[in-house]
Amino acid sequence: MSYKLLSDKNFVISSNIIKNIDKDLTLSEFLIILYYLNNNNSVFDADKISESFNMSLDDVMTSFNSLLSKELIELKQGKDLDGRLEDFISIDKIYEKVMKSLKEEDKVKEEEDIFDMIAKEFDRKLTPTDFEIINAWLSMGTSKEMIIGALKEASYNGVKTLKFIDQKIYEWNKKGLKTMDDVNNYMKSKDNSSMIDLSEIDDIDWLNDDE
């Protein structure tokens, strides 16, 4: 890495990009990405990149072509201020890749929260069968909101079995209810006094209650 890069301190990069970008990038490839993340001028200028990072022109070209083949950057065509066509570099693929990774991380975290929440409410460790049932809910697209809603109703009725929750989710899906607002509106429309408005249970922190 060049002394100029260290001393100027002009280049910055989001920690989300560092954590979610390809792990097999070479240092030269990473520096080129860093250059375009920090440079408003998206025109490809091998000489400028070479000067900025003390890289040889051959290294710049090799790394640039490698990034193109990895589909992390794109070479596009547009018009300059004078209306002339020119090539420019797009790094949208990097942002798309990072956003996809972050969404996958959020999904994993959300699923982990569901498992922990149910185990805490049941006051026991989940069995392999429990994991299989919960994973089946998630794989069929059941939202976290609906699972929590069914868990709330199980708690209200003093039931600590996944069979009860599974039955509730099945009933709600069969009726075409997609959100807890749908569920509560359906309950109210039926005027079923044996069922509760789950939205009114607001005194329990279902995510953070340690008791």
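Computed from a predicted structure; not experimentally measured.

What counts, and where the lines are drawn
- Residues numbered from 1 in each chain as written.
- Predicted model: local features only at pLDDT ≥ 70, side-chain atom pairs only at ≥ 80, totals over all residues.
- Heavy atoms only, no water.
- Salt bridge = Lys/Arg side-chain N within 4 Å of Asp/Glu carboxyl O.
- Helix = DSSP H or I, 4+ residues; strand = E, 2+ residues; numbered from the N terminus.
- Buried < 20%, exposed > 50% of the residue type's maximum accessible area, 1.4 Å probe, protein only.
- Phe/Tyr/Trp six-rings, centres within 6.5 Å; stacked < 30°, edge-to-face > 60°.
- Expected span 1.5 Å × (residues − 1).
- Contact = heavy atoms within 4.5 Å.

Draft legend 1. Structural context of the pattern of salt bridges. This structure, assessed with the given rule, holds five salt bridges. Between Lys144 and Asp113 there is a salt bridge, with the nearest N and O atoms lying 3.6 Å from each other. Taken as a pair, Lys144 in helix H8 (residues 144–156) and Asp113 in helix H6 (residues 92–122) lie far apart in primary sequence, 31 residues in all. Measuring nitrogen to oxygen at the nearest pair gives 3.5 Å for the salt bridge that ties Glu171 to Lys168. Taken as a pair, Glu171 and Lys168 lie in helix H9 (residues 162–174) at a separation of three residues, close to a single helical turn. Using a relative accessible area of 25% as the deciding quantity, one classes Glu171 as partly exposed. Salt bridges here are not isolated pairs; linked through shared partners, they connect Glu153, Lys168 and Glu171.

Draft legend 2. Inspection of the packing of aromatic side chains at higher detail. Applying the stated criterion across every chain, the model contains four aromatic pairs. Here the aromatic rings of Tyr35 and Phe53 are separated by 6.4 Å at their centres, their planes lie at 75°, and the arrangement is edge-to-face. Of this pair, Tyr35 sits in helix H3 (residues 27–38) while Phe53 is found in helix H4 (residues 46–53), placing the two residues 18 residues apart along the sequence. Across the pair, Phe53 and Tyr35 agree in class, each one buried. Measuring from centroid to centroid gives 5.0 Å for Phe115 and Phe131, while their planes differ by 40°, and the two rings are tilted. Highlighted residues: Phe115 in helix H6 and Phe131 in helix H7 (residues 128–139), separated in sequence by 16 residues. A residue is classified by how much of its surface remains accessible, and Phe115, at 12% relative accessible area, is buried.

Draft legend 3. Representation of H8 in the model. Between its first and last C-alpha atoms H8 spans 18 Å; for 13 residues at 1.5 Å apiece the expected length is 18 Å, and the two agree. H8 sits mainly inside the fold: ten of its 13 residues count as buried. Among all positions of H8, only Lys144, Met146, Ile147, Ile148, Gly149, Ala150, Leu151, Lys152, Glu153 and Ala154 are buried. Gly158, located one to two residues past H8, shows a positive phi value of around 70°.

Draft legend 4. Structural view of the environment of Phe122. As for its position among the elements, Phe122 is in helix H6. Residues Phe122 and Ser155, 33 residues apart in the sequence, show an inter-C-alpha distance of 8.9 Å. The contacts of Phe122, once residues within four sequence positions are left out, are Leu151, Val159, Lys160, Thr161, Leu162 and Ile165.

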